[in-house]
Amino acid sequence: MSIDTPKDASGQPTARKHTALPKAQILIEALPWLTRHRGKTVVIKFGGNAMVDEELKAAFAQDVVFLHHAGLKPVVVHGGGPQISKALDRHGIVSEFKAGLRVTTEDAMDVVRMVLAGQVQRELVGLLNQHGPLAVGLTGEDAHTITATKHQPRIEGELVDIGRVGEITEIDTGAIEALLADGRIPVVSSIARSQDDHHVYNVNADTAAAALAAALDAETLMVLTDVEGLYEDWPDSDEVISRLTARELEKLLPELASGMVPKMEGCLHAVRNGVQTARVIDGRVQHSILLEIFTDEGIGTMVVPDTGHVPEGES
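Okay, so let's go over this structure. Everything numeric here is computed off the predicted structure, so don't read it as measured data.

A few words now on the packing of aromatic side chains. Tallying each qualifying case throughout the model produces one aromatic pair. Look at Phe46 and Phe60: their rings are 4.2 Å apart centre to centre, the planes differ by 25 degrees, and that puts the pair in the stacked class. Highlighted residues: Phe46 in strand β1 (residues 41-46) and Phe60 in helix α2 (residues 54-69), separated in sequence by 14 residues. For Phe46, a relative accessible area of 3% puts it in the buried group.

Set out below in structure tokens:
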């Protein structure tokens, strides 16, 4: 049997055009990032529209599993604002916010705990485990992973009681590190127990992710949100700041919209406590995590330490 070789107009053999070649080029582009991040811990805060859109949830799970198989050590931290609000409505409990935080009564805390640990976490663990026996769910209560004390924000100069809202006082990474060493993907719900009064507290998930990233000496903190990143001059401009130092971010904090404050404060805490980069990325974009870590372009806003040093391979 003979095989016909493609020939040009002069009769000389020509190479076949392989339609899969662009896929190979994409993989080669990712090589420096794969090399650099291999073995490093990446903490990802899962939130925003990615939590409620079925396609985005599935893409998120694929991204996290890809990171795992590429040799990184992903840790997922989640809240559940939309789900909590719906559950509170069903129980006849009014959702109220003060200083950008959910007022959490004792009855509301029971619902928050149920939703985070019994609904959102279970669904996310299930999505990840469609790709293999990888994900293990835990809350900040487990093994004293997150310890908190009662948080009272100051509004117009006065301390205000907003119920079971916690301020992180201590992180114990033992359980998470054991799971990572066993090749698992920890999925952490942002609730914590207090050593002061032994109550369970609702902790802001952005704050929890940043604290865990610092305690784990993570390479990167990634915060998924519903905007493209940090805007240069919102609402007058939709130009996204691609990169800024911790000092530059600190100057901007008083001007930020309330919803961005805990995310950017988390990024600031992370890079000032050993994390190499902190990134706010658009969770409405499918596979935004892979685009940010493994491509030349990247998306979102990256925060780096005050030295302004950008790790090798970053832009």
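What the eight strands build is an open sheet, ordered β5-β10-β2-β1-β13-β15-β16-β14; its pairing is mixed. The open sheet has two edge strands, β5 (135-139) and β14 (243-245), and neither has a second partner. Sheet twist, expressed as the average angle between the axes of neighbouring strands with direction ignored, equals 20 degrees. Judged from the six bridges that link them, strand β13 (residues 220-225) and strand β15 (residues 277-282) form a sheet pairing that is parallel.

Contact geometry for helix α6 (residues 205-215) and helix α8 (residues 261-271): axes closest at 8 Å, N-to-C directions at 10 degrees. Looking at the two axes, α6 sits roughly parallel to α8. In this structure, α6 uses Asp206, Ala210, Ala211 and Ala214 to contact α8, whose residues at the interface are Pro262, Lys263, Gly266, His269 and Ala270. Of the residues belonging to the contact of α6 with α8, the class tally is five nonpolar, two polar and two charged.

Ranked by size, the top nonpolar core spans 44 residues in total, and within it Ile44, Phe60, Leu128 and Ile289 carry the most contacts. Listing elements by their share of this core, those giving two or more residues are α1 (21-37), β1, α2, α3 (81-90), α4 (106-129), β10 (185-189), β13 and α9 (288-294). In terms of residue count, the dominant contributor to this core is α4 (11 residues). With residues up to four places along the chain from it excluded, the contact list for Ile289 reads Ile44, Phe60, Asp63, Leu67, Met222, Leu224 and Ile281. Val77, Ala246, Ala278 and Val303 belong to the second largest nonpolar core, which has 38 residues in total.

Let's shift gears to the environment of Ser95. Structurally, Ser95 is set in the loop between α3 and β3 (97-98). Residue classification places Ser95 among the partly exposed positions, given a relative accessible area of 27%. Between the C-alpha atom of Ser95 and that of Ser85, which follows or precedes it by 10 residues, the distance is 6.4 Å. Every residue in contact with Ser95, bar those within four places of it in the chain, is listed here: Ser85, Leu88 and Arg102. A polar side-chain atom of Ser95 sits 3.3 Å from a polar atom in the side chain of Arg102.

Here we take up the pairing of β1. In terms of residue burial, β1 counts as a mostly covered element, since six of its six residues are buried. Because side chains alternate across β1, one face comprises the buried residues Thr41, Val43 and Lys45, and the other comprises Val42, Ile44 and Phe46, equally buried. As judged from the six bridges shared by β1 and strand β2 (residues 73-78), these two strands associate in the parallel manner. Along β2, the bridge assignment pairs Val43 with Val75. Between the parallel pair β1 and β2, the chain is carried across by α2, and the sense of this crossover is right-handed.

The computed volume of the largest pocket comes to approximately 1200 Å³. Elements represented by at least two residues in the lining of the largest pocket include exactly β1, α3, β4 (101-102), β9 (166-171), α6, β13 and α8. Considering each element in turn, the lining of the largest pocket owes the most residues, six residues, to α8. Taken together, the residues that form the lining of the largest pocket break down as 17 nonpolar, 18 polar and seven charged.

Cut-offs applied
- Residues numbered from 1 in each chain as written.
- Predicted model: local features only at pLDDT ≥ 70, side-chain atom pairs only at ≥ 80, totals over all residues.
- Heavy atoms only, no water.
- Phe/Tyr/Trp six-rings, centres within 6.5 Å; stacked < 30°, edge-to-face > 60°.
- Helix = DSSP H or I, 4+ residues; strand = E, 2+ residues; numbered from the N terminus.
- Buried < 20%, exposed > 50% of the residue type's maximum accessible area, 1.4 Å probe, protein only.
- Pairing = 2+ DSSP bridges.
- Axes fitted to C-alpha atoms, helices over the stretch in contact; angles between N-to-C directions.
- Parallel < 35°, antiparallel > 145°, perpendicular 65-115°, else oblique.
- Contact = heavy atoms within 4.5 Å.
- Nonpolar A, V, L, I, M, F, W, Y, C, P; charged D, E, K, R; others polar.
- Core = buried A, V, L, I, M, F, W, Y, C linked by side-chain atoms within 4.5 Å.
- Polar contact = N/O pair within 3.5 Å; in protein donor to acceptor, adjacent residues only side chain to side chain.
- Right-handed = clockwise from strand over helix to strand, strands pointing away.
- 1 Å grid on protein atoms, 1.4 Å probe; cavity = no way out; pocket = protein on both sides within 12 Å on 5 of 7 lines; lining within 4 Å.
- Points joined across faces, edges and corners; volume = space filled by probe spheres on them.

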